[in-house]
Amino acid sequence: MVEHTRTFAMVATVLALGACAQGPQIQPLTKGFVEGSFTASDAAVGACRAKLAAETSGKLKVVGSQSSGARSSVYMRIGPSGAPWRCRVGSDGSNPTVGFMGYGGMA
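Residues numbered from 1 in each chain as written. Predicted model: local features only at pLDDT ≥ 70, side-chain atom pairs only at ≥ 80, totals over all residues. Heavy atoms only, no water.

Draft legend 1. Here's a closer look at the packing of aromatic side chains. Taken as a whole and judged by the stated rule, the model has 2 aromatic pairs. Between Phe33 and Tyr75, the aromatic rings sit 5.4 Å apart at their centres with planes inclined by 75°, giving edge-to-face as the arrangement. In this pair, Phe33 sits in the loop between α1 (2-18) and α2 (42-55) while Tyr75 sits in strand β2 (residues 71-78), placing the two residues 42 residues apart along the sequence. The exposure classification of Phe33 matches that of Tyr75, with both residues buried. (Phe/Tyr/Trp six-rings, centres within 6.5 Å; stacked < 30°, edge-to-face > 60°. Helix = DSSP H or I, 4+ residues; strand = E, 2+ residues; numbered from the N terminus. Buried < 20%, exposed > 50% of the residue type's maximum accessible area, 1.4 Å probe, protein only.)

Draft legend 2. Main features of unusual backbone geometry. A positive phi angle, close to 55°, is found at Asn95, a residue other than glycine. Residue classification places Asn95 among the exposed positions, given a relative accessible area of 59%.

Draft legend 3. Fine view of the nonpolar core. Counting 18 residues, the largest nonpolar core has Leu52, Val74, Met76, Trp85, Cys87 and Val89 as the members making the most contacts within it. Looking at this core, the elements that each hand over two or more residues are α2, β1 (60-68), β2, β3 (83-90) and β4 (97-100). Top contributing element to this core by residue count: α2, with 5 residues. Once you skip the residues sitting within four places of it in the chain, Leu52 turns out to touch Leu60, Met76, Ile78, Trp85 and Val98. Residues Phe33, Val34, Val63 and Met101 belong to the second largest nonpolar core, which totals 5 residues. (Core = buried A, V, L, I, M, F, W, Y, C linked by side-chain atoms within 4.5 Å. Contact = heavy atoms within 4.5 Å.)

Draft legend 4. Focus on the pattern of salt bridges. Going through the model one piece at a time under the given rule, you end up with 2 salt bridges. We note a salt bridge from Glu55 to Lys51, for which the minimum N-O separation is 3.2 Å. Within this pair, Glu55 and its partner Lys51 are both found in helix α2, separated by 4 residues, close to a single helical turn. What makes Lys51 partly exposed here is its relative accessible area of 30%. (Salt bridge = Lys/Arg side-chain N within 4 Å of Asp/Glu carboxyl O.)

Draft legend 5. Structural view of the pairing of β2. Taking burial as the measure, the 8 residues of β2 include 7 buried ones, the bulk of the element. Of the strand pairs in this sheet, β1 and β2 are connected by 8 bridges, and their pairing is antiparallel. Directly across from Ser65, in β2, lies its bridge partner Val74. Between β1 and the antiparallel strand that follows it, β2, lie 2 residues; Gly69 among them carries a positive phi value of about 65°. Relative to β3, β2 is paired through 8 bridges, and the arrangement is antiparallel. By the bridge assignment, Ile78 is partnered in β3 with Ala83. (Pairing = 2+ DSSP bridges.)

Scope: geometric values only; no functional claims are made or implied.
Encoded structure:
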């Protein structure tokens, strides 16, 4: 239940930020956000795209990925503000989980 509430709050934040189409691009909170490197499998990227698209709205762009053994991370930006999200997923596309990586409270 807490996970659903947190996801809802993150989605609401992304939608509120999306309303400010002329606003600045949101920067990720952590240095671990990867852009420009693509090493995850197509299955991992596809599963992450589907998971984030189901939980948010707005134009979604995959900006990077990393693979490490059986797990991968896929980095995406969504909406006109480029809100940063990370998905952790099995290299075969199994069990994707998404998390917002930007700072909240920007408006």
